[in-house]
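Notes for the structure review
So you can see what is in the structure, the chains are spelled out below.
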Amino acid sequence: MHTQSKPKSIIDNIEETFIAVTLGLMTLITFANVIARYVFNANILWGLEATVFLFAWLVLIGASYGVKQTFHIGVDVVLVMVPKHVRKILTLIACAACVLFAALLLKGAWDYWSPFIGKRAFYETDDLPVPFFLTWISDVFNDGEAYEKLPRFIPYAALPIGMALLLYRFIQATWYVITDQQVGVIASHEVEELMEEVTSNNAQEGENN
């Protein structure tokens, strides 16, 4: 729920492009795998695993973009019933809770992911091949021993990156609420419509009486 439109930042453009490209790659890989299986009686061995990891990236990056666009669904039936100054206070409390929650998620994501660039750097995915432009990573993370498959820290990086973006978006939303550029962090159009309908019905009943 924005009170005014805001110009897109570089992060906005990166998120939108990444989401579009990821969704396109998922569709392309799935389609190619279906054709290979049912037309050529073959199989793209790494197709399923690639689609799973791409979906994970799509969800985690999409979560932060959803905060930016207030796509996330919530219930604000209490907020619309209280005075404007109280509504802002309650919204800021909710924003603080969201920031804290995102910070905890980022901490957990980092704790889970960081070993995969350290003592677990030798862990590989099951089927994903290493692209030619990433062959250098074996010298940096695997003591020069070439990876046979893509190391797990690359697809697993969706966790810290996604949670960092989520934290950034909640902090950004909090600032927008403080500066009155935004009135909420959720989309609850159904509740708004219901409250408008109730108000309209009450007004009509008052006129009839």
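Note that the coordinates shown come from a computational prediction; the quantities given were computed from them, not determined experimentally.

Here we take up the pattern of salt bridges. All told, the structure shown has three salt bridges when counted by the stated rule. Note that Arg169 and Glu15 form a salt bridge whose closest N and O atoms lie 2.7 Å from each other. Separated by 154 residues along the polypeptide, Arg169 in helix H6 (residues 158–178) and Glu15 in helix H1 (residues 10–38) bring together distant segments of the chain. Between Lys88 and Asp180 there is a salt bridge; the shortest N-O distance is 3.0 Å. Here the residue Lys88 occupies a position in helix H3 (residues 84–113), and Asp180 occupies one in the loop between H6 and helix H7 (189–208), the gap between them amounting to 92 residues.

Let us look at H3. Side chains of residues three or four places apart in an α-helix project in the same direction, reflecting 3.6 residues per turn. If you check H3, its first and last C-alpha atoms are 42 Å apart, about what 30 residues at 1.5 Å a residue would give, namely 44 Å. For H3, every residue scored as buried is listed here: Thr91, Cys95, Ala102, Ala109 and Trp113. Against the buried residues of H3 lie helix H5 (153–156) and H6.

With a relative accessible area of 1%, Arg169 lands in the buried category. The contact partners of Arg169, leaving out residues within four places of it in the chain, are Ile11, Asp12, Glu15, Ser64, Val67 and Lys68.

Spanning 29 residues, H1 covers 42 Å between terminal C-alpha atoms, matching the ideal 42 Å at 1.5 Å per step. Looking only at H1, the buried set comprises Asp12, Glu15, Ile19, Thr22, Met26, Ile29, Asn33 and Ala36. In this structure, the buried residues of H1 make contact with helix H2 (47–68) and H6.

Right, let's get into the packing of H2 against H6. Axis separation between H2 and H6 bottoms out at 8 Å; the angle between their running directions is 5 degrees. Taken together, the axes of H2 and H6 are roughly parallel relative to one another. When H2 is examined against H6, the residues Trp57, Leu60, Ile61, Ala63, Ser64, Val67 and Lys68 are found in contact with a partner set consisting of Ala158, Leu159, Ile161, Gly162, Met163, Leu165, Leu166, Arg169, Phe170, Gln172, Ala173 and Tyr176. Of the residues assigned to the contact of H2 with H6, the class counts are 14 nonpolar, three polar and two charged.

Here we take up the nonpolar core. With 35 residues, the main nonpolar core has Phe153 and Leu166 as its most contacted residues. Put simply, the parts of the chain that give this core at least two residues each are H1, H2, H3, H5 and H6. Of the residues forming this core, the biggest block, nine residues, is contributed by H2. Those residues in contact with Phe153 that sit more than four places away from it in its chain are Trp113, Phe116, Ile117, Ile137, Phe141 and Tyr147.

For the rest of this paragraph, the subject is unusual backbone geometry. Leaving glycine out, the prevailing phi sign among residues is negative, and the prevailing peptide bond configuration is trans. Despite not being glycine, Asp143 shows a phi value in the positive range, around 55 degrees. Among the secondary structure elements, Asp143 is positioned in the loop between helix H4 (137–141) and H5. At Asp180, a position not held by glycine, the phi torsion is positive, near 60 degrees.

Right, let's get into the confidence of the model for the protein. The predicted coordinates ought not to be read in detail in places where the model reports low pLDDT. Summarising the model, the protein shows a mean pLDDT of 83, and 80% of its residues fall at 70 or more. The lowest-confidence element of the protein is H7, averaging 58 in pLDDT; the highest-confidence one is H5, averaging 94.

The grouping of Val34, Tyr38, Val39 and Phe40 at the surface amounts to a nonpolar patch, some 480 Å² of accessible area in total. Relative to the helices and strands, Val34 resides in helix H1. Under the relative-accessibility criterion, Val34 is labelled partly exposed at 40%.

Okay, the environment of Leu54 next. Within the secondary structure, Leu54 sits in helix H2. Along the primary structure Leu54 and Leu25 are separated by 29 residues, whereas in three dimensions their C-alpha atoms are 8.0 Å apart. Ignoring sequence-local partners within four residues, the contact set of Leu54 consists of Thr22, Leu25, Met26 and Ile29.

Conventions we followed
Throughout this document, residue positions are counted from 1 along each chain, in the order its sequence is written. With the structure being a predicted model, the display of local features is reserved for residues of pLDDT at least 70 and the display and counting of side-chain atom pairs for 80 or more, all residues being used for whole-chain, interface and lining totals. Excluding hydrogens and water, the side-chain values take into account all heavy atoms of the structure. When a carboxyl oxygen of Asp or Glu lies within 4 Å of a side-chain nitrogen of Lys or Arg, that pair is called a salt bridge. By the criteria applied, helices consist of DSSP H or I runs no shorter than four residues and strands consist of E runs no shorter than two, each listed in order from the N terminus. The span one expects for a helix is its residue count, reduced by one, times 1.5 Å. Relative accessibility under 20% of the residue-type maximum defines a buried residue, over 50% an exposed one, and the middle range a partly exposed one, all with a 1.4 Å probe and only protein chains included. Note on contacts: a residue pair qualifies if any of its non-hydrogen atoms lie within 4.5 Å across the two residues. Axes here mean lines fitted to C-alpha atoms, for a helix over just the part in contact, with angles spanning 0 to 180 degrees between N-to-C directions. Orientation labels follow simple angle bins: below 35 degrees gives roughly parallel, above 145 gives roughly antiparallel, 65 to 115 gives roughly perpendicular, and whatever is left gives oblique. Throughout, the ten residues Ala, Val, Leu, Ile, Met, Phe, Trp, Tyr, Cys and Pro are labelled nonpolar, Asp, Glu, Lys and Arg are labelled charged, and all others, Gly among them, are labelled polar. Nonpolar core, defined: a set of buried Ala, Val, Leu, Ile, Met, Phe, Trp, Tyr and Cys residues in which side-chain atoms within 4.5 Å join the residues together. Every residue gets a pLDDT, meaning the predictor's confidence in that residue, from 0 to 100. Like-charged residues within 9 Å of one another, or nonpolar side chains (Val, Leu, Ile, Met, Phe, Trp, Tyr) within 5 Å, are grouped into patches, provided each residue has over 30% relative accessible area and no salt bridge. Per-residue accessibility takes into account occlusion by the displayed protein chains alone, with areas from the Shrake-Rupley method and a 1.4 Å probe.

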